[in-house]
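Residues per chain, in single letters:
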Amino acid sequence: MSEPTVLSLTDSLPLTCSRTGTCCFGKAVWINPWELATLADAKGMSPREFRNQFCEFGGIKLKFNGVSDKNKLSACNLYVENFGCSVHAGRPLACRLFPLGLKRHGEQRYYIHNGTEFPCMNGCPEVVDLPKLTVGAYIEGQATEKGELAQENYLSLMETLADGAFALLIDSGLAESGDRTTIPLWRTMGEESGAQLARRIGSEWIERLMIPEIELADPVEFAKKHHDLLQATAQEKFGSLNTVDRFRTASVLMMGLALHLGRALGANPADLADQWIGVAKANGADE
C-alpha cells in the first residue's frame, strides 16, 4: 500500500465535486453506532430496520450490492441511480470526507489522501476543470464536525471496552493463575473477518454495541449514554464472576467488542490486537 499524502488546511486541491456518483461504487464504508442511528433517522427507519436492510457484520459496514457501474463495481445500496445518495443529509463521516481521510496521532489530527496522486483523478478527471478548494474550506463545507466528534468519542469507548478485557484478565487473577488461553483468543479475533467476529460475539451483544436503546442526540451525548449503558450491562453480567472459565469468557467477549468497534472506526483489528496483547504481556499475561 502506498504511503499517504499528509495535507495542511491551506492546501488547494480539485475538491469541487462533479456529482457523477463515482465515489458511491466499489468502496468500503464503515460506520459507528451514532452514524448508524443518524442514517436510520435520515431514512425514516428504526436503527434495527436500517441495520437489517442496509448493513452487514452486525451493523458496522454499509452494503455495496446495488447497481453496477461501467467497471462492474457495485454501488452502495443507499445510492439511487440518476439521483444519488438517498440519505445525503445523514451521510457518515467517511462519505463527507471523501476523497480525503482523517488520521490521528495522540491529540493531533490531520487529513490525508492515499498515494501521491489525488484520488479523484482516476474516477473523475473532469474535476481539474472545476474550482479548487482549500482543504479547510472543503472540510467546513462538508460539515464534518459532528462526525469527527462521534469518531473521537467512540475511539474512547473502544479503549474502555479493551480496558474491561484487561481488568478481567489481569485484575481478576486470571493471568496469575497461569492462563494461556485468553491471549491466543484475542489474537485469533484480531485476525477474523467482520462476519466471523460478529458471529463470535453473538447477536445479543452486537445489538448492545450497534443499536443501543438510546434516543438520537448530538454525538458526544449519544456516545456518553452508550458508554454508561455498556458499562452498566457489563457490571450486571460480570460483576459476580467466580471461576477462571467465566473470567476468560468475559475477557474474550469484551476484547471482541473492542476489536469489532475498532474495525467500525477504520482501525485494523489485527494491529489493535497486537498492541493490546503487548500491554497484557507487560502486565503478566502469557500465551
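Above this text you will find the structure in question.
Remember, it's a predicted structure, so these values are computed and weren't measured experimentally.

**Quick word on the packing of aromatic side chains**
Taken as a whole and judged by the stated rule, the model has five aromatic pairs. Each ring, one from Phe 166 and one from Trp 186, has its centre 5.6 Å from the other, and the planes form 75°; the classification is edge-to-face. Placement of Phe 166 in helix 6 (residues 145-171) and of Trp 186 in helix 7 (residues 182-191) is noted, with a sequence separation of 20 residues between them. Here Phe 166 matches Trp 186 in class, with each residue buried. Lying across the ring of Trp 30, Lys 61 places its NZ or CZ 5.8 Å from the centre. Cation over ring: Arg 208 sits above Trp 205, and NZ or CZ is 4.8 Å from the ring centre.

**Description of the packing of helix 7 against helix 11 (residues 244-264)**
Where helix 7 meets helix 11, the closest approach of the two axes is 10 Å, and the angle between their N-to-C directions is 25°. Judged on the interaxial angle alone, helix 11 and helix 7 are roughly parallel. The hand of the helix 7/helix 11 crossing is right-handed. Along the contact surface, helix 7 presents Thr 182, Leu 185, Trp 186, Met 189 and Gly 190, while helix 11 presents Arg 248, Ser 251, Val 252, Met 255, Gly 256 and Leu 259. Taken together, the residues of the contact of helix 7 with helix 11 sort by class into six nonpolar, four polar and one charged.

**Some points on the pairing of strand 8 (residues 108-114)**
In this sheet, strand 8 lies alongside strand 1 (residues 4-7) in antiparallel orientation, the contact comprising four bridges. What sits directly across from Pro 4, in strand 8, is Asn 114. When strand 7 (residues 101-105) meets strand 8, the two strands line up antiparallel, connected through five bridges. Across the sheet, residue Gly 101 finds its bridge partner in strand 8, namely Ile 112. The hairpin formed by strand 7 and strand 8 contains two residues between the paired strands, and Gly 106 there has a positive phi angle of roughly 65°.

**Describing the sheet that holds strand 1**
Taken in spatial order, the three strands of this open sheet run 1-8-7, and their pairing is antiparallel. With one partner strand each, in any of the chains shown, strand 1 and strand 7 form the two edges of the open sheet. Within this sheet the neighbouring strands show an average axis-to-axis angle of 45°, counted without direction. Taken strand by strand, helix 6 contacts strand 7 and strand 8, and its axis lies near 40° from that of strand 7.

**Notes on the packing of helix 9 (residues 203-210) against helix 11**
For the pair helix 9 and helix 11, interaxial distance at closest approach is 11 Å and the crossing angle is 45°. In terms of orientation, helix 9 and helix 11 fall into the oblique class. In this structure, helix 9 meets helix 11 at a crossing whose hand is right-handed. Facing Trp 205, Ile 206 and Leu 209 of helix 9, the residues of helix 11 in contact are Leu 253, Leu 257, His 260 and Leu 261. Looking at the contact of helix 9 with helix 11 residue by residue, the classes come out as six nonpolar, one polar and no charged.

**Quick word on the state of the cysteines**
One pass over the structure, following the stated rule, counts zero disulfides. The thiol of Cys 95 is not disulfide-bonded; the next cysteine sulfur, from Cys 85, is found 6.6 Å away. The exposure class of Cys 95 is partly exposed, given its relative accessible area of 32%. Free cysteine: Cys 120, not disulfide-bonded; nearest cysteine sulfur from Cys 124 at 5.8 Å.

**Observations concerning the environment of Cys 76**
Within the secondary structure layout, Cys 76 lies in the loop between strand 4 (61-62) and strand 5 (79-80). Classification of Cys 76 by relative accessible area gives buried; the value is 9%. A C-alpha to C-alpha distance of 5.8 Å links Cys 76 and Cys 24, two positions 52 residues apart in sequence. Not counting the four nearest positions on each side in its chain, Cys 76 is found in contact with Cys 24, Leu 62, Lys 63 and Phe 64.

**Notes on the nonpolar core**
One finds Phe 50, Leu 62, Trp 186, Phe 238, Leu 261 and Trp 276 to be the most contacted residues of the largest nonpolar core, which totals 64 residues. Considering each element in turn, this core owes the most residues, 11 residues, to helix 11. Not counting residues up to four positions away in its chain, the partners in contact with Trp 276 are Met 158, Glu 159, Ala 162, Phe 166, Trp 186, Met 255, Ala 258 and Leu 259. In terms of nonpolar packing, the next biggest core, distinct from the first, is built from 15 residues, Leu 7, Leu 93, Leu 100 and Ile 139 among them.

Cut-off values and rules
- Residues numbered from 1 in each chain as written.
- Predicted model: local features only at pLDDT ≥ 70, side-chain atom pairs only at ≥ 80, totals over all residues.
- Heavy atoms only, no water.
- Phe/Tyr/Trp six-rings, centres within 6.5 Å; stacked < 30°, edge-to-face > 60°.
- Helix = DSSP H or I, 4+ residues; strand = E, 2+ residues; numbered from the N terminus.
- Buried < 20%, exposed > 50% of the residue type's maximum accessible area, 1.4 Å probe, protein only.
- Lys NZ or Arg CZ within 6 Å of the ring centre and 35° of its normal.
- Axes fitted to C-alpha atoms, helices over the stretch in contact; angles between N-to-C directions.
- Parallel < 35°, antiparallel > 145°, perpendicular 65-115°, else oblique.
- Left-handed = near helix turned anticlockwise from the far one by under 90°.
- Contact = heavy atoms within 4.5 Å.
- Nonpolar A, V, L, I, M, F, W, Y, C, P; charged D, E, K, R; others polar.
- Pairing = 2+ DSSP bridges.
- Disulfide = S-S within 2.5 Å.
- Core = buried A, V, L, I, M, F, W, Y, C linked by side-chain atoms within 4.5 Å.

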